[in-house]
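Residue-level structure breakdown
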Amino acid sequence: MYQFSSKSLERLSTVNPLLQDIMKEAIKVSPIDFGIPLYGGLRTAKQQNQLFKDGKSKCDGIKIKSYHQSGNAVDVYAYVNGHASWDDVHLGIIAGVVLSVADRKGVNLRWGGTFGSNEFHGWDKPHFELR
Ligand SMILES: [Zn+2]
């Protein structure tokens, strides 16, 4: 059984309590360890805009707002063999666990792995948001 580091918990504490609940339960049953990266929780418009400029987000934070700016989104990364991993397979396994926990709680959670179409399909696998 895995548990969040104090850094991950601190980042998680900035988002909607429903998301916190889901993630805290998911980490206990996930077969893969995971954490919350820097800017993985609540973001200011300025932080969001910087991520956009860095090409790491499709929301500029001003005209197109991210769910991260309202605390209704959270990002994760996998932690495998002592290293952070954004591998599709690892993130897919974590998403399966997170989505099943949300489903059990009756929460409508959207996974970024289902976003986009054609060549952009599934571009945001670390991301979960409340609808
Ligand atoms: Zn995100």
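Right above here is the structure, for reference.
Here the structure is a predicted model, which is why all the values come from computation and not from measurement. Position numbers for residues count from 1 along each chain, tracking the sequence in the order it is written. Given that the model is predicted, a residue must reach a pLDDT of at least 70 before its local features are reported, and side-chain atom pairs must reach 80 or more before they are shown or counted; all residues, however, enter totals for whole chains, interfaces and linings.

1. Some remarks on the overall build of the protein
By definition, any uninterrupted DSSP run of H or I lasting at least four residues is a helix, any uninterrupted run of E lasting at least two residues is a strand, and each is numbered from the N terminus. Secondary structure summary: the protein contains four helices and six strands in total. For the protein, the succession of helices and strands along the chain, N to C, is α-α-β-α-β-β-β-α-β-β. Each radius of gyration is computed over the set of C-alpha atoms, and the globule rule expresses the reference value as 2.2 Å times the number of residues to the power 0.38. Radius of gyration (C-alpha) of the protein: 14 Å, near the 14 Å computed for a compact globule of 131 residues. Considering only C-alpha atoms, the protein reaches an extent of 40 × 35 × 30 Å along its principal axes.

2. Thoughts on the sheet that holds strand β5 (residues 109-111)
Spatial ordering of the open sheet is given by β2-β6-β5, a layout of three strands whose pairing is antiparallel. If you trace the sheet from one side to the other, it starts and ends with β2 (73-75) and β5, each paired once. Averaged over all pairs of adjacent strands, the angle between their axes in this sheet comes to 20 degrees, without regard to strand direction. What makes two strands pair is DSSP finding at least two bridges between them. With three bridges joining them, β5 and strand β6 (residues 127-130) adopt antiparallel strand pairing. Each bridged residue has a counterpart across the sheet, and for L109 the counterpart in β6 is L130. Only C-alpha atoms enter the line fits that serve as axes; for helices the fit covers just the stretch in contact. Angles between N-to-C directions range over 0 to 180 degrees.

3. A short note on the nonpolar core
What we call a nonpolar core is a set of buried Ala, Val, Leu, Ile, Met, Phe, Trp, Tyr and Cys residues whose membership is set by joining through C-beta atoms within 7 Å. Neighbour density around each residue's C-beta defines its exposure: 20 or more other C-beta atoms within 10 Å make it buried, 12 or fewer make it exposed, and counts between make it partly exposed, where C-beta atoms are placed from the backbone. Among the nonpolar cores identified, the biggest contains 24 residues, and I22, M23, V74, I94 and V98 are the most heavily contacted of them. Counting residues per element, the ones that place at least two in this core are α2 (17-29), β2, β3 (77-80), α4 (88-104) and β5. A total of six residues in this core trace back to one element, the largest contributor, which is α4. For every residue pair, C-beta atoms are placed from the backbone, and the pair is scored as a contact if these atoms sit within 7 Å. Residues in contact with I22, not counting those within four places in the same chain, are V98, V101, A102, K105, V107 and L109.

4. As for the pairing of β6
Of the pairings in the sheet, the one linking β2 to β6 comprises three bridges and is antiparallel in character. From the neighbouring strand, D75 faces β6, where its bridge partner is H127.

5. Things to note about the sheet that holds strand β1 (residues 33-35)
The strand order β1-β3-β4 describes an open sheet built from three strands, whose pairing is antiparallel. Among the strands making up the open sheet, the edge pair consists of β1 and β4 (83-85). Averaged over all adjacent pairs, the angle separating strand axes in this sheet is 40 degrees, with direction ignored. Here α4 sits on the sheet in contact with β1, β3 and β4, set at roughly 110 degrees to β3.

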